[in-house]
Amino acid sequence: MSRLGMVLLLTLACRLGSAQDRQLYRIGTGIADITGPAAEIIMMGYANMAMVNHGIHIRLYSRAYIVCDDVNYRGSGKCSVFVNLDCGMTAQIVKMEVAKRLKAEFGDIYGAENILLSATHTHSGPAGFLEYVLFQITNLGWIQETFDAQVAGIVESIRRAHNNLSPGYMTWTRGDLLDANINRSPTAYLYNPQEERDKYEYDTDKEMFLLKIFNADDSPKGLINWFAVHGTSMNNTNQYISGDNKGYAEQMFESMMNGGALPGTGPFVAAFGSSNLGDVSPNTRGAKCIDTGLPCDADTSTCGGRVETCIASGPGNNMVESTQIIGHKQYDMAHGLFFDKSNHGVSGPVDHIHQYIDMSNQHVTFQMPEGNWVKVKTCKPAMGFSFAAGTTDGPGAFDFTQSDTSGNLFWDAIRNMIKKPSEELKQCHHPKPILLPTGEIGFPYDWQPSVVPVQLLRFGDVIIIGMPGELTTMAGRRIRDAVAATFAEAGETVQVAIAGLSNTYSDYVTTFEEYHKQRYEGASTVYGPHTHQAYLQKFQELASKMIQGTPVSDEAQPPDMLSRQMSFVPPVIFDAAPLGQSFGDVTQQPPANAFPGQSVAAKFISGHPRNNPMTGKSFLEVLKQQQDGSWGVVATDASWETFFKWTRTNSVLGHSEVTCTWNIPADVDPGTYKIRHMGYHKPALSFLRRVAQKVGNFFANMMGMKPIRLQTTVYYEGETSPFEIAEPWLVLRSGK
């Protein structure tokens, strides 16, 4: 069956399963590239300075969904916007800039109040977009290229969603996916009350909650699902930009629904969102000592007292295979749910509520394990010793271990050279031994946020919690239940989804009980032992205000630190081709004949990928010759089956090359193919041009003239010789 036929069949299945009684909304979907700089940039997530990117496996995207309640331009006209980002976490400064640009273009339709940005939590995207010092130390500060790519891509995805707003409806469903995640801190989970744990069969959430989106004619338009699993299938040795397991699932679902269209194209948009994944790993074989094969120490995640060799892996034989397996499990689950006939129609109003709160000074009422109620407060941010131990997905270094509630004098002395924590801070965070008193350090600017956004979106009877951090399994269950109970008390039955890592990043949130174990997640719960209760109470308040239709006032405003950012990442100075060669020249041709299932590679003389990120485009294309002699693109650097790798071959002379690899799919059509590489190089004289431009703009500004713009990079491209891919029967005959 052709891909088009398959899509038509699936569309028919959607119609058969569509809701009989449905409420129409105006709904728009959009997707845009946010990949950013693809070489010599440290990646965000593992805090590992050796994890420097050198290319692309799959590109990163922003997927936007706009839902408005005025289907016929009547009613309140409220719109809510959910945006799913293929990145490690969201940055407050990114959202502030996105809101500013959207206001300039659309007026008051979209703003910080009704836009929720949530990250998939891939650990394989370029760093440098978070404005706080702690998140910049291991990636050498601010990276403007990453920030620019994210802001522009998010705005573009919302713009595209706005431009295709049309009548449609939504349904929801859910199902359990049992073999795609494990708890990486099970000893902390066991600190939760027995009677609470007895309510649940597993120590991670296995449920995928899926929202289906259709046009008014029943044709499918998009989906959003939430499932709790970390984006750490690609481990901390990876050097390719990747959307990890959720990025794979998104790409596969969109390809299937869009008839095999290239990644980032096609009308159907599929978001695989993060949820309460704080203690949840995709590495389902669990942690073992890689030098002995024995289990790690359960409490400290160490082997012989050290964390470096206690590493979780699987289910595949390597990280790419594991990414594909965990991603495909999510894809399969979403596929089954999307085409299941048992739908629940979404109905009710569209709404949103948003508030900036000072998480360093929240007063809450809390029931102690003994049963008595006490009034407590949160703390200024601080990181514990076990934070430096890392996790079994990506261990730390030195002699730090998980479950550390005492610290040690040596690291206390090192810490005190930076900043000695106050006695008040130490008492507030007890039993966490403080390694970094981030809330008491202000040089050169804030190290972690104190003011954070909390937010609820409402798509009918589906409530989306915008959680500005990583909730552990039980922490998420409690908040989700509390919000649902608040609506139930008002006589409403709603479905509640947690959108993790939303709008800013404030690290982890454990339960009060888990905090006392001081595993990595507890040590990274930055506002102290009552962080979770403060968030729970605040989301209950927001739910009550949403039900009542009562606006809320911000407690404080986050600082705008864009102008204060510092970067220590050197720029690209110049590129040069070796003597007698030109940019785009092929230095390694693919074989003249290839077969499905084989890998073919080509090498080209190249410029630096940071000269132009090729946003919405590609550094490589695989082309197939058509019957009329023209060439059509069948794969790009965003495709799962390709790898784009950049290598510096001579740092002094500015030489570099790229390797474009295509893992030929088993179902590829036979025919004639070639590989093309495109990019930009920066001539040596461009440095002088940039100096001249700055000088010229200085005088132009004085005289009120337009700025001078000089070209400092030059486009190039190169192609391999054509090669043949044989008919499938020839593969069998040849024994390949």
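Please read all numbers here as calculations on a predicted model, not as lab measurements.

Participant: Report on the overall build of the protein chain, specifying residues and quantitative values.
Facilitator: Along the protein chain, the regular secondary structure elements total 15 helices and 36 strands. Along the first, second and third principal axes, the C-alpha set of the protein chain runs to 80 × 70 × 65 Å. For the protein chain, the residues scored as buried account for 59% of the 736 residues in total. In the protein chain, 78% of the contacts between residues at least 6 apart in sequence involve partners at least 24 apart.

Participant: Quick one: what's the story with the pattern of salt bridges, residue by residue and with numbers?
Facilitator: One pass over the structure, following the stated rule, counts 34 salt bridges. Put simply, Asp179 and Lys329 hold a salt bridge, and the shortest N to O gap is 2.9 Å. Placement of Asp179 in the loop between β8 (166-176) and β9 (182-183) and of Lys329 in helix α7 (residues 319-338) is noted, with a sequence separation of 150 residues between them. Residue Asp179 is classed as partly exposed on the basis of its relative accessible area of 44%. Under the relative-accessibility criterion, Lys329 is labelled partly exposed at 22%. Two residues, Arg415 and Asp412, come together in a salt bridge whose shortest N-O distance is 3.3 Å. Remark: Asp412 and Arg415 occur in helix α8 (residues 409-418); sequence separation between them is three residues, near one turn of the helix. A residue is classified by how much of its surface remains accessible, and Arg415, at 8% relative accessible area, is buried. Overlapping salt bridges, with partners in common, bring together Arg63, Asp86, Glu250 and Glu254 in one network.

Participant: Can you explain the sheet that holds strand β2 (residues 39-44)? Please cite residues and give values.
Facilitator: Strand pairing in a sheet relies on backbone hydrogen bonds, with the paired strands running either antiparallel or parallel. Spatially, β7-β2-β3-β32-β33-β29-β27 is the arrangement adopted by the seven strands of the open sheet, whose pairing is antiparallel. Edge positions in the sheet fall to β7 (125-126) and β27 (586-588), since each has one partner strand and no second.

Participant: I'd like a description of the side chain of Glu514, backed by residues and values.
Facilitator: Checked against the element boundaries, Glu514 lands in helix α11 (residues 512-515). Only 2.8 Å separates the side chain of Glu514 from the side chain of Thr472, close enough to count as a polar contact. Discounting residues that sit within four places of it in the chain, Glu514 has contacts with Ala188, Tyr189, Tyr191, Asn192, Asp279, Thr472 and Met474.

Participant: Would you mind going over the environment of Leu471 in detail, with residue names and values included?
Facilitator: Assignment of secondary structure puts Leu471 in strand β24 (residues 470-471). A sequence separation of 192 residues divides Leu471 from Asp279, and the C-alpha atoms of the two residues are 7.9 Å apart. Those residues within four positions of Leu471 in sequence are excluded, and the remaining contacts are Asn276, Leu277, Gly278, Gly476, Ile479, Ile498, Val509 and His532.

Participant: I'd like a description of the state of the cysteines, backed by residues and values.
Facilitator: Enumeration over the complete set of coordinates arrives at four disulfides. Disulfide pairing places Cys68 opposite Cys79 at an S-S distance of 2.0 Å. With the S-S bond torsion at 105°, the cross-link from Cys68 to Cys79 turns out right-handed. With Cys68 in strand β4 (residues 61-68) and Cys79 in strand β5 (residues 79-85), this residue pair connects regions lying eleven residues apart in the sequence. Through a disulfide, Cys379 is tied to Cys428; the S-S separation comes to 2.0 Å. What sets the handedness of the Cys379 and Cys428 disulfide is the S-S torsion sign, and at about -90° it is left-handed. Pair noted here: Cys379 is in the loop between β19 (373-377) and β20 (383-384) and Cys428 is in helix α9 (residues 423-429), with a separation of 49 residues, a long-range link. Overall, Cys428 belongs to the partly exposed group, its relative accessible area being 22%. Numbered by order of appearance in the sequence, the disulfide-linked cysteines of the protein chain pair as 1-2, 3-5, 4-6, 7-8.

Participant: Tell me what's going on with the side chain of His230, and back it up with residues and numbers.
Facilitator: Considering the arrangement of structural elements, one finds His230 in the loop between β11 (220-226) and α6 (244-257). Look at His230 and you get buried, because its relative accessible area is 0%. Among the polar contacts made by the side chain of His230, one reaches the main-chain carbonyl oxygen of Val280 at a distance of 3.0 Å. Look past the residues within four positions of His230 in its chain and what remains in contact with it is His121, His123, Arg184, Asn245, Leu277, Gly278, Val280, Ser281, Pro282, Asp393, Glu470 and Tyr508.

Participant: Describe in detail the nonpolar core, supporting the description with residues and values.
Facilitator: Soluble globular proteins tend to pack their nonpolar side chains together in the buried interior. Within the largest apolar cluster, 115 residues are counted, with the highest numbers of intra-cluster contacts made by Tyr110, Ile158, Tyr535, Phe539 and Trp662. The greatest single-element share of this core, amounting to seven residues, is contributed by helix α13 (residues 531-548). Sequence-distant contacts of Phe539, defined by excluding residues within four places in its chain, comprise Val454, Gln455, Leu456, Ile465, Gly466, Met467, Pro468, Ile479 and Val483. If you look at the next biggest cluster of nonpolar residues, it comprises 26 residues, including Ile31, Ile213, Ala271 and Phe459.

Participant: An account of the sheet that holds strand β17 (residues 350-358) is requested, with residue identities and associated values reported.
Facilitator: Taken in spatial order, the four strands make up an open sheet running β17-β22-β23-β25, and their pairing is mixed. The open sheet has two free edges, formed respectively by β17 and β25 (495-499), since each of these has just one partner strand. Adjacent strand axes in the sheet meet at a mean angle of 15°, parallel and antiparallel pairs treated alike. The sheet contact formed by strand β22 (residues 451-459) and strand β23 (residues 462-466) spans five bridges and is antiparallel. Opposite Leu456, over in β23, you have Ile465 as the bridge partner. Packing against the sheet, α13 makes contact with β17, β22 and β23, and its axis sits at approximately 45° to β22.

Participant: With reference to specific residues and values, describe α8.
Facilitator: When we look at burial in α8, the residues that qualify are Trp411, Asp412 and Arg415. The arc enclosing the buried residues of α8, seen along the axis, measures out at 105°, which places them on a common side. Set apart from the buried face of α8 by more than 90 degrees, the exposed residues are Leu409, Phe410 and Met417. Along its buried surface, α8 packs onto β21 (434-436). Capping the start of α8 is the job of one residue whose side-chain oxygen sits 3.1 Å from the backbone nitrogen of Phe410: Asn408.

Participant: Any details on empty space enclosed by the protein? Residues and values, ideally.
Facilitator: Evaluation of the coordinates by the stated rule reveals two cavities of 30 Å³ or more. For the largest cavity, the calculated volume is near 50 Å³. Asn183, Ser185, Ala188, Tyr189, Asp279, Thr472, Thr510, Glu514, Arg519, Glu521 and Gly522 together form the lining of the largest cavity. For the lining of the largest cavity, the per-class residue count stands at two nonpolar, five polar and four charged. Residue lining of the second largest cavity: Ile34, Thr35, Gly36, Leu60, Asp86, Cys87, Pro126, Thr146 and Gln150, and that is the complete set. Partitioned by chemical class, the residues of the lining of the second largest cavity number four nonpolar, four polar and one charged.

Reading the values: rules and limits
- Residues numbered from 1 in each chain as written.
- Predicted model: local features only at pLDDT ≥ 70, side-chain atom pairs only at ≥ 80, totals over all residues.
- Heavy atoms only, no water.
- Helix = DSSP H or I, 4+ residues; strand = E, 2+ residues; numbered from the N terminus.
- Buried < 20%, exposed > 50% of the residue type's maximum accessible area, 1.4 Å probe, protein only.
- Contact = heavy atoms within 4.5 Å.
- Salt bridge = Lys/Arg side-chain N within 4 Å of Asp/Glu carboxyl O.
- Pairing = 2+ DSSP bridges.
- Polar contact = N/O pair within 3.5 Å; in protein donor to acceptor, adjacent residues only side chain to side chain.
- Disulfide = S-S within 2.5 Å.
- Core = buried A, V, L, I, M, F, W, Y, C linked by side-chain atoms within 4.5 Å.
- Axes fitted to C-alpha atoms, helices over the stretch in contact; angles between N-to-C directions.
- Arc of directions from axis to C-beta.
- 1 Å grid on protein atoms, 1.4 Å probe; cavity = no way out; pocket = protein on both sides within 12 Å on 5 of 7 lines; lining within 4 Å.
- Points joined across faces, edges and corners; volume = space filled by probe spheres on them.
- Nonpolar A, V, L, I, M, F, W, Y, C, P; charged D, E, K, R; others polar.

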